[in-house]
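Reading the structure
Residue-level listing of the chains:
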Amino acid sequence: MSTFAELLLNGLSLGSVYALIALGFVVIFRATEVVNFAHASLLLAGGYVTATLHDDIGFWPALLAGVAGAALVGAAVEFLVMRRYRGTDQSVLAIVTIGVDILLTTELTRRIGTDVLVMGDPWGNAVLTVGPVSIAHTRIAAFVTASVLITAFLLAFRYTSWGVAMRAAAESPETAALMGVRLGRVSLGAWAVAGGLAAVAALFLTVFPTPGLERATSLAALKAFPAAILGGLDSTTGALVGGLLVGVTESMATGYQSDLTFLGRGIGDLAPYAVMVAILLIRPAGLFGTKELARV
Amino acid sequence: SSKAKDDGGDKQSAGGVKTGEGISGKTISLGVLTDMSGVYATLGKSVTQAQQLYVKQTNAAGGVCGYKLALTVRDHGYDPQKAVSGYTELAPKVLGFTQFIGSPFVAAVKQRIDGQDKGLVLPQAWSATLLGSPYIRPIGSTYDIETINAIDFLMKEKGLKKGDSIGHVYFEGDYGENALTGSRYMAKQSGLKVVEQKIKPTDNDMTGQVVALKKAGVKAIVISAGPRQAASLVGVAAAVKFNVPVIGNNSAFAPQLLATAAAPALEANYYVANPSLPIGADTPKAKKLVADYKAAYPKDSLDNGVVAGWTAASAFGEALKKACVAKDLTREGVDKALLTIDAFDPGFGIPQNFTDPKSASSKESVILQPDKNAVGGMKVVREAEVSSVAQGYTPGA
Amino acid sequence: MEEHDRVTTEATGRQAAAHATAQEAAAQATAQAAVPSGIPSLDVRDVTVRFAGLTALDAVSFTVRPGTVHALIGPNGAGKSTCFNVLSGVCRPAAGSVRLGKHELTGLPPHRIAGLGVARIFQNLALPPHATVEDCLLLGRHRLTRAGFLAAGLRLPSAAREDRRHRERVREIAAFVGLERQLDRPAGSLPYGQQKLAELARALCMEPRILLLDEPVAGMTAAERRRTAAVVAGVRDSLGISIVLVEHDMGVVMRLADAVTVLDFGRRIADGAPADVQNDPAVVRAYLGERADPEETAS
Amino acid sequence: MGGSALLVRELSVGYGPVRALRHVSLEVPEAAVVTVLGANGAGKSTLLRAVCRTLSFHGGAVTGGTVTLGGRPLDRLPPDRVVAAGVSQVPEGRRVFSRMTVADNLRAGALGGTGGRADRARALRRVHELFPVLADRAQQRAGLLSGGEQQMLAVGRALMGAPKVLLLDEPSLGLAPLMAARIADTVREINEQGTSVLLVEQNAALALRLASSAYVLEVGEVTLSGPADELAASDEVRRRYLGVVDEDAAADGASARGALPSLSRWKG
Amino acid sequence: MSEVLTRDETGSAPRPARRRTIRLPGARTAIGAAGAVLLLALPFYVDRFWLEAGLFAMAAAIGAIGLNLLTGATGQLSMGHAFFLAVGAYGYCVFAADGGDGLTGLGLPTWLAAVLAVAVSGIAGGLFSPIAGRLRGAYLGIATLALIFIGQHVLFNARDLTGGFNGRDVPPLSLFGLTFDDRELLVAAVPFGSAEKLWYVGLLLLLGCGLFARGVLRGRPGRAMNAIRDHRIAAGVIGVPVARYRAAVFVLSSMYAGLAGVLLALVFQRTVPDYFGITLSLDYLAMIVIGGLGSVAGAVVGAVFVSLLPQLLTRYSDTLPLVSDPGMGGIAPGEAARYLYGAAVVAVVLFLPGGLVRVAARLRVKPRPGATPGEER
Ligand SMILES: Nc1ncnc2c1ncn2[C@@H]1O[C@H](COP(=O)(O)OP(=O)(O)OP(=O)(O)O)[C@@H](O)[C@H]1O
Ligand SMILES: Nc1ncnc2c1ncn2[C@@H]1O[C@H](COP(=O)(O)OP(=O)(O)OP(=O)(O)O)[C@@H](O)[C@H]1O
Ligand SMILES: [Mg+2]
Ligand SMILES: [Mg+2]
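Nothing here was measured: the structure is a model prediction, and the numbers come from that model.

A few words on the interface of chain D and chain A. Across the boundary between the two partners, chain D contributes 27 residues, which contact 27 residues of chain A. Contact between chain D and chain A buries roughly 2500 Å² in total, counting both sides, with carbon and sulfur atoms accounting for 60%. The largest share of the area that chain D buries against chain A comes from Phe-97, Arg-99 and Leu-111 of chain D, three residues that together contribute 25% of it. Taken together, the connections running from chain D to chain A amount to four salt bridges. We note a salt bridge from Asp-104 of chain D to Arg-167 of chain A, for which the minimum N-O separation is 3.0 Å. Our count for the chain D to chain A interface comes out at ten residue pairs in polar contact (both at pLDDT 80 or more). Those elements giving two or more residues to the side of chain D that touches chain A turn out to be α2 (79–84) and α3 (102–109) of chain D. Considering each element in turn, the side of chain D that touches chain A owes the most residues, four residues, to α3 of chain D. Among the residues making up the side of chain D that touches chain A, the classes are represented as twelve nonpolar, eight polar and seven charged.

To continue, consider the nonpolar core. Within the largest apolar cluster, 249 residues are counted, with the highest numbers of intra-cluster contacts made by Met-276 of chain A, Leu-211 of chain C together with Tyr-92 of chain E. Counting contributing residues, this core receives three or more from each of domain 1 (39–117 + 208–290) and domain 2 (127–207) of chain C. Counting 86 residues, the second-largest nonpolar core is a separate cluster that includes Ala-136 of chain A together with Val-17, Ala-50 and Ala-231 of chain B.

Our next topic: the state of the cysteines. Under the criterion given, the structure shown has one disulfide over all chains. Across the disulfide from Cys-65 of chain B sits Cys-324 of chain B; the S-S distance is 1.5 Å. Because the torsion about its S-S bond is 70°, the bridge between Cys-65 of chain B and Cys-324 of chain B counts as right-handed. Taken together, the positions of Cys-65 of chain B in the loop between α1 (41–60) and β5 (68–75) and Cys-324 of chain B in helix α11 (residues 304–325) put the pair 259 residues apart, joining distant regions of the chain. Under the relative-accessibility criterion, Cys-324 of chain B is labelled buried at 15%. Cys-91 of chain C forms no disulfide, and the closest cysteine sulfur to it belongs to Cys-83 of chain C, at a distance of 9.8 Å. With no disulfide of its own, Cys-136 of chain C lies closest to Cys-205 of chain C among cysteine sulfurs, the gap being 10.0 Å. You can call Cys-136 of chain C buried: its relative accessible area is 2%.

What follows is about helix α4 (residues 110–117) of chain B. By the burial criterion, the buried members of α4 of chain B are Arg-112, Ile-113 and Asp-117 of chain B. Down the axis of α4 of chain B, the smallest arc covering the buried residues is 100°, so these residues share one side. In this fold, the buried residues of α4 of chain B make contact with α2 (80–90), β7 (120–121) and α12 (331–339) of chain B together with α2 (48–73) of chain E.

All names here are of chain D. Among the five residues that make up strand β8 (residues 196–200), five are buried, leaving the element largely enclosed by the rest of the structure. Alternating residues of β8 divide into Ser-196, Leu-198 and Val-200 and Val-197 and Leu-199, and every residue in both groups is buried. By the bridge criterion, five bridges tie strand β7 (residues 165–169) to β8 in an arrangement that is parallel. The partner of Leu-168 across the bridge, within β8, is Leu-199. With helix α7 (residues 177–192) bridging β7 and its parallel neighbour β8, the resulting β-α-β unit is right-handed.

Glancing now at the confidence of the model for chain A. Scored by pLDDT, chain A comes out at a mean of 87, with 99% of its residues at no less than 70. Summarising per-element confidence for chain A, the mean pLDDT is lowest in helix α9 (residues 217–220) of chain A (80) and highest in helix α3 (residues 59–80) of chain A (94).

What follows deals with the coordination of the magnesium ion (ligand 4). Residue and element names in this part refer to chain D. Of the protein atoms, only Ser-45 (OG) and Glu-92 (OE) coordinate the magnesium ion (ligand 4), at distances of 1.8 to 2.2 Å. Of the two residues, Ser-45 is situated in helix α1 (residues 44–52) and Glu-92 in the loop between β6 (87–90) and α3; the sequence distance between them amounts to 47 residues. Here Ser-45 falls in the buried class, since its relative accessible area comes to 13%.

By way of backbone hydrogen bonds, the strands of a sheet pair with one another, either parallel or antiparallel. Residue and element names in this part refer to chain D. Taken together, the six strands give an open sheet; going across it, the order is β6-β7-β8-β3-β9-β10, and neighbouring strands pair in mixed fashion. A strand with exactly one partner marks an edge of an open sheet, and here the two such strands are β6 and β10 (221–227). Each strand of the sheet is rotated relative to its neighbour by a mean of 15°, with strand direction disregarded. With five bridges connecting them, strand β3 (residues 33–38) and strand β9 (residues 213–218) associate as parallel partners. Paired with Gly-38 across the strands is Leu-217, a residue of β9. With respect to the sheet, α1 is in contact with β3, β6, β7, β8 and β9, its orientation differing from that of β7 by roughly 150°. Here α7 sits on the sheet and contacts β3, β7 and β8; the angle it forms with β8, its principal contact strand, is near 155°.

Residue and element names in this part refer to chain C. Only Ser-81 (OG) and Gln-123 (OE1) from the protein coordinate the magnesium ion (ligand 3), and they sit 1.9 to 2.1 Å from it. Of this pair, Ser-81 sits in helix α2 (residues 80–87) while Gln-123 sits in the loop between β6 (118–120) and α4 (133–140); the two residues are 42 residues apart in sequence, bridging distant segments of the chain. Taking the relative accessible area as the measure of exposure, Gln-123 reaches 6% and is therefore buried.

Conventions adopted
- Residues numbered from 1 in each chain as written.
- Chains lettered and ligands numbered in written order.
- Predicted model: local features only at pLDDT ≥ 70, side-chain atom pairs only at ≥ 80, totals over all residues.
- Heavy atoms only, no water.
- Contact = heavy atoms within 4.5 Å.
- Buried area = accessible area lost by both parts, 1.4 Å probe.
- Salt bridge = Lys/Arg side-chain N within 4 Å of Asp/Glu carboxyl O.
- Polar contact = N/O pair within 3.5 Å; in protein donor to acceptor, adjacent residues only side chain to side chain.
- Helix = DSSP H or I, 4+ residues; strand = E, 2+ residues; numbered from the N terminus.
- Nonpolar A, V, L, I, M, F, W, Y, C, P; charged D, E, K, R; others polar.
- Core = buried A, V, L, I, M, F, W, Y, C linked by side-chain atoms within 4.5 Å.
- Buried < 20%, exposed > 50% of the residue type's maximum accessible area, 1.4 Å probe, protein only.
- Domains from an automatic or database assignment.
- Disulfide = S-S within 2.5 Å.
- Arc of directions from axis to C-beta.
- Pairing = 2+ DSSP bridges.
- Right-handed = clockwise from strand over helix to strand, strands pointing away.
- pLDDT = per-residue confidence, 0-100.
- Donors = N, O, S within 2.8 Å, 3.2 Å for Na, K, Ca; no water.
- Axes fitted to C-alpha atoms, helices over the stretch in contact; angles between N-to-C directions.

This is the structure:
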């Protein structure tokens, strides 16, 4: 039982990191309807800035700088690339983000080289032990951060005019422009925010229990895809629930691997996708996503 | 047409040395198929740089047999298509390959190597599946043997005993699964039980694995994964006070880890089995290599990839020298020459025996321990040794 | 549109009324002559549609006699388009039945209903913006053509023959609605009114037995409306098919309809001949509006 | 602030090689209602797009001429600045944000406005009075509304911004007669409060009654213009846009019947 | 290629309708013939490296055509294409191998094995149709990503079928007594190895697949597919059985992928699981976007671009500017290649909206300045 509790807790804590990454996908998707494949590289950028600066200026300023840096990179991507696209097909833009991702990742991995960079976070490898189970302080911080940020975005999307403008721009740029929405600013803002979020996610993705930021870190961002989708690509609540679900699924599949050998080993990575497909079969727009309109 | 077959592939040079593909004028071309932008970039970079260093030094010393060596490097980024293309491109131009990263890719062109090209390939992969070809020759103990030796170390010096369980965390793919073969064999021979945990290179957080292994009550853990996974595993285990020894294969450590928060735990509880002495070994050759490498690449860290690259390049060089003595620098000549080398020591403590293509060139492993103060971050805790189980083990059997 | 009606009907009202009877007689006559035996009647019985917390259709019944134009009118949100959605299979009613001849339509998927000869135009345009008008119309012939993946991929002669034949018919229909010169333009570049015509042509390309028209003249000038109305009348007269018409332009409704059903809040509030319905107080109150100050009609 | 007269001078617009407007000049004086009549494809929507600078979304561009609002050129501004300058448009074909709720659509309408919270609340109340169904359906997604309800929403949304100049592209499209009349009242009412209106409307009778002056656009050019009542009296306009059939209506009708297009049956 | 299907650069902006081009009759045929002769003669002149690169491009083109049918023409985003390639490649091995290497092999004639492998890919696509028929857009895209992970899992774990991480050998194709392996065959004094021989097979397959897809796109199914993409509900009302069509296109597209997989396997001579990962799927998407969505020529052009560019860049990496030897602090050759590749993807999509085929079309149809069609409406 305690193993189960431990795995559950571990899954939830891992899931909160995924939720943070997924939130980045959600923000861009809501504002531009683009699936952002470059999110992984934003993550790397944010982490890189934090990791290289913390020695000199201390952790919190470095984190702030990381957030700002990644936001800047995100904004630059929007300004230099996304904005120049003159078509309407969002899947084409998704491909563009793949190109951007290749560029950014190559540059950052070249800079990171073969190093493993540490974040200099204040939590270290401390764990909180409650009865039989223990949980890392970093993960508690991740959970709190994810919850706070996700709630904040939920409220912002729903209640501020920024949120309304964003959704309007995503749905029909032309009509939104007629409402006075500054299209450029909205999507620039979204990309910057997504960049900032990526930097926060990068922090939690690379602190204990993982050794640090290195070139393969961006691959881990892929795991947040099923999280974003099964929650619903345009839902902040979905990002949280999806992230947690993916985390728990992965943790359980790993923890009970030896009881599941008939499926082949190493299904920890596969299980989230299986859950995702199952959920999509029942709810094609994810758990909390906006359903497709069905009237003519 | 330009491709029309012209006979006379083999030429006789002035000195009476027979030459063939890969040699033009006074230059011997050697191929390097490496990964400097993909998942094995860390390894690829060190290996390649060490080999370039070797070539530079050899040429400075007059080359081999009066021929200069030249490396042609192709970076495939661990992409099968690029790797195969790289091979196709270089195969007609080079005498052999001093480096070929990625055993699946070596396997992909194995038919061509064995069937028609017949050039010597020294892959930087230690999977036993590559054994058996007279042309493809991994250097040093393969992962299965290394793992057997590693567990042997645990049993002899870390209190692991018959009836205990050990955990084995391993990568999907050639490396991990070959190591798993070793641990399974060892377990059978020594009455241990293996609790398997397969992971992927994208997994960076080993908490789930630690929980599972703790639940299974293992007394020690073998990890056949990357440095990050090792660091996470050891770090998490220490944090939850799960104090069992952890030992990894040679690829499961990088000196960079000693700069991370996991360093104390690694120094306390982590061991690495290695097919040779570490880069920081106390041999004259090692010391010279360290000095030269530092001079040539001041910004790069010293790791075992340097040793591996140097070893492979010098083994190839050795074969070339022997072939030159036999006045046959054709591919066959070099292959034959390698088969006569039975105790070549590139300077890292373990002699290599290339006479039998079916078995690894050595079965010895050195056990190392992370140490911040050592060059390359590792110190020796047990000298080169073959366990008795490894002695009796034949790969693939 | 109200004013507009007043204008037109004021000018042509009597004449239209006079026509109405003549026309009805003519329609009756043509109904005998032109209604192909294959045109079944459409029976809508007690159809109820509910959306979360809203009854969009409440036990609505009406019958479309073969070869007639049946108008469905009512205020915005009365449930007219929803009714079309039921008829064309886009939306499944909670209760009730729709019968086309001997076929029960409720529960059939849209393409099966289309296969039975029910064609429809959409209130909010549904033309692919990049395809040429010709391709749009050819799409309408989907149900009448056979070429599958294999035939089309291998360019079997049968597919080529079929293609040629149907392109000819498409041109004929385009000429009929007046789009022959727009055939190779992308549908999205046509002005709104012509897009509506293209929709109509596409529906005609399905060689329907029942044609459902959802606001066919919206967004057209008076002259264009007259022309389109003439096209619709031409369809009924020359093809003899049944037409269900939803339209807010009462002038057009009065000119074309043989029978009218009025919906309000999903309920049927009137049903009968156009002239009767137009004077029904409930209809006037709910739909037409009671203001008839002289100043308005004077323009 | 220089008044709110909208002045269009010698405007030419092209969609690639297609020339949609040629040297169109037009004036919407302060606090006036001006209407533009024209057949399908005459370029009415194009004109409104040119004023609001949304042509680029349709692959079109202004090739000549100027647009000024109260003397201030709107020519090089992005669309949002045009809105900020006080021009608001109800685009053709509804264009509601179908995945957003009705309430959010109305909020989107207020995005470009300069009014405070109280102004917005007042505007919202007025829209709800005008179209009660929008209040009932506040939380429904706009795409699920009926066609006419969407049109009401589109009009209501434009009213939320309290513009100086309101451009309406066929506001009565698909509205029931009763509702169309209500729109007419609304236009009159907001005009009385000082907003100038440029009205494009197929319901020419309604448009001419509301407007003080009118323009007729044909194939991209202004062919007629003048005070609305004069235009309403012209034969051309009566025949083509008011649908008034001449005295020999009967004959005309008969000939029309005779000329009824016909289509042979398909003998598949 | 199929003009109608290429997406336009500006949303609703349509192209000018009439293209007044006076084309010299025969000029195109002449160019076509010259191209054909060139392609046929290549194996006599160029190295195996180039032939192999060409064959990779051909296989990619076949797969991309299939993906374009699905994503470009029907609007169903698929990121799981690599899975179906794997099914084709491994399917062929299983059917054709004789079991000599200890892995499952049915020992069927190789041509039959190829046909069956394609069929099995189609079936795999069909099995996915409950999901393919239900999901749309990004949701479908990422759901298909699951296929990749499932595929990788199976490839690594179903040892008997796949040979695990090291993959399995691919039996060479034999047709009419000719075996497409590396045993040298002298043709006009030129030694023909597997690459030379397969070249012609590849050309033939690509031609066949391209023509077939073009027929489909221009015919009745193509129109129905586009209708589904543009307006699903309306398509149903017009009489298109939407779910059936979506499933059918998914199956067809999987079969194309399967065939591409078979060809790739034959070229590689060995199948390895690492190849069939997410990168491959993304590459295929890049191909159709770069080439031009919805058209056959677009898929081919995009495939050639995407599969040859990295090869070229890697091959000539040493001569690229700014590139230095490893360890010299400069940009490594592989990195330079990736920079250029990423930049090319971005640049093509941004500056050549509609894809590379539109450039070709534009060059062909040179608009004469001043001669604007007197488009009256
Ligand atoms: N899918 C749906 N979900 C929720 N409500 C719906 C849905 N479809 C229609 N409605 C509601 O049902 C009512 C009837 O809509 P319908 O489209 O049938 O009206 P209509 O008579 O066609 O009106 P109009 O003349 O304005 O087009 C409307 O109030 C609409 O909001
Ligand atoms: N995106 C476009 N690309 C090319 N041509 C266009 C485009 N949009 C409109 N046009 C053309 O420009 C001309 C004017 O169109 P516009 O939409 O302005 O007409 P309109 O007067 O509003 O017609 P309607 O009354 O039908 O709305 C038409 O010939 C139309 O075909
Ligand atoms: Mg309606
Ligand atoms: Mg218009």
